[in-house]
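Letter by letter, the chains look like this.
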Amino acid sequence: MTDGDPIYLDHNATTPLLPEVLDAMLPWLRDGFANPSSDHRGGRRARRALDEAREALGALLGAPPASVCFTSGGTESNNLAIFGTLAAIPGRPGVVTSTLEHPAVAEPCRALAGRGHPLTWLPAGSDGRIQLPDALPADTALATVMLANNETGALQPVEELCGLARQVGALIHTDAAQAVGKVPIQFDALGVDLLTVAGHKLYAPKGIGALVIRPGTPIRSLLLGAGHEGGLRPGTENVASIVALGVAARLAAADLEAEIARQRALSERLWASLQRRIPGLRRTIAPQLALANTLHVRFPGVVGARILARTPQLAASTGSACHAGETHPSAVLLAMGLEPMDALGAVRLSLGRSTTEAQIDRAAEALGDAYLSCAA
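Predicted model, so just to flag it, every value in this text is computed and none were measured. (Residues numbered from 1 in each chain as written. Predicted model: local features only at pLDDT ≥ 70, side-chain atom pairs only at ≥ 80, totals over all residues. Heavy atoms only, no water.)

1. Some words on the overall build of the chain
Okay, step 1: Scanning the chain from N- to C-terminus turns up 12 helices and 12 strands.
Okay, step 2: Its C-alpha radius of gyration of 21 Å places the chain within 12% of the 21 Å reference for a compact globule of 376 residues.
Okay, step 3: When its C-alpha atoms are laid out on the principal axes, the chain stretches across 65 × 55 × 30 Å.
Okay, step 4: For the chain, the proportion of contacts with a sequence separation of at least 24, taken over those separated by at least 6, is 72%.
Okay, step 5: Within the structure as shown, the chain displays about 15,300 Å² of accessible surface, and the carbon and sulfur contribution to it stands at 55%.
Okay, step 6: In the chain, 32 side chains carry a positive charge and 35 a negative one; their mean positions are 2 Å apart. (Helix = DSSP H or I, 4+ residues; strand = E, 2+ residues; numbered from the N terminus. Rg over C-alpha atoms; globule rule 2.2 N^0.38 Å. Contact = heavy atoms within 4.5 Å. Areas by Shrake-Rupley, 256 points an atom, 1.4 Å probe, with all protein chains shown as cover. Lys, Arg positive; Asp, Glu negative; His and termini not counted. Charge placed at Lys NZ, Arg CZ, Asp CG, Glu CD.)

Have a look at this one:
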């Protein structure tokens, strides 16, 4: 981005390519074009590059490299996790999910319900977190919930849900697209069987992702073809983007704690500045329960989309990029119990590696001025 570009506070929608990531991709787009399944020098070199990327992503997530299955992104990974496991578990039809899920999880679950699978929706609390029951239904085959909400940034009680799933012998999947690279994740300690990664939330390109699968997890491929990715994802691998995802994972692992602390400080600076300027501004999620990079606020008596329309010097959103342009209240916020008019005042400000203090101060001033002009 150049100095004339808007201040980018929409990192939960997508992240820019890091320069190191782009540099790593380019040789594989030019000279490294060989098929990684080919048994010649170019093919073997491409295969080594895939192996190295698998190792890097596994290291970031505390998972064995062999458990990483590369996909086209978060949506494919979620669909493979949900449909693939249900296809491999005969006689256990039940599915459990939450009212906070991204459409890439919610819609597959609805499709399964349409096919006769019992579907349980876990409700959300006013704190933005899933409310867990005392026990899951006995026929549950799969529980699938996100690790961090893409709109509010609220971190979800996945570890606790894992305990409930184990009590009934169910598998558990987490859509971690919004969490990878933003919070420390140890796959084994978390306790899930399947975990979704989306590269473009991690400073890698769009069109690349992964599903991390615990060894021994019953799962079937959704596609028919050759034996790529352990037979789960047939199709010649996207070497350049896989390499890019591996580099992005290494960069995230190198300074994860420091970057979390830096972005937390910037988020709090932004919140404090907005509070001073806007009486009655509400923060949706307590900071200790949210991603460090995400500040979700609600402007009193004003529609959030109007605020953003009056701040062209900012790039931010009112919620999920999958619903951009919509003017009705966010389903996530309504599920948390917010009143529709209150929910319409929402704005999501999501920070990233390139965000600076100077940008935060300018953003707060712009949003404050926009609110005053809207409320006048």
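2. Some remarks on the packing of helix α8 (residues 256-277) against helix α12 (residues 357-375)
Okay, step 1: Put simply, α8 and α12 touch, their axes get as near as 9 Å, and they point 25 degrees apart. By the angle class used here, α8 and α12 are roughly parallel. The handedness of the crossing between α8 and α12 is right-handed. Here Leu 266, Arg 269, Leu 270, Ser 273, Leu 274 and Arg 277 of α8 come into contact with α12, specifically with Glu 357, Ile 360, Asp 361, Ala 364, Glu 365, Leu 367 and Gly 368. (Axes fitted to C-alpha atoms, helices over the stretch in contact; angles between N-to-C directions. Parallel < 35°, antiparallel > 145°, perpendicular 65-115°, else oblique. Left-handed = near helix turned anticlockwise from the far one by under 90°.)

By themselves, these figures tell us nothing about what the structure is for.
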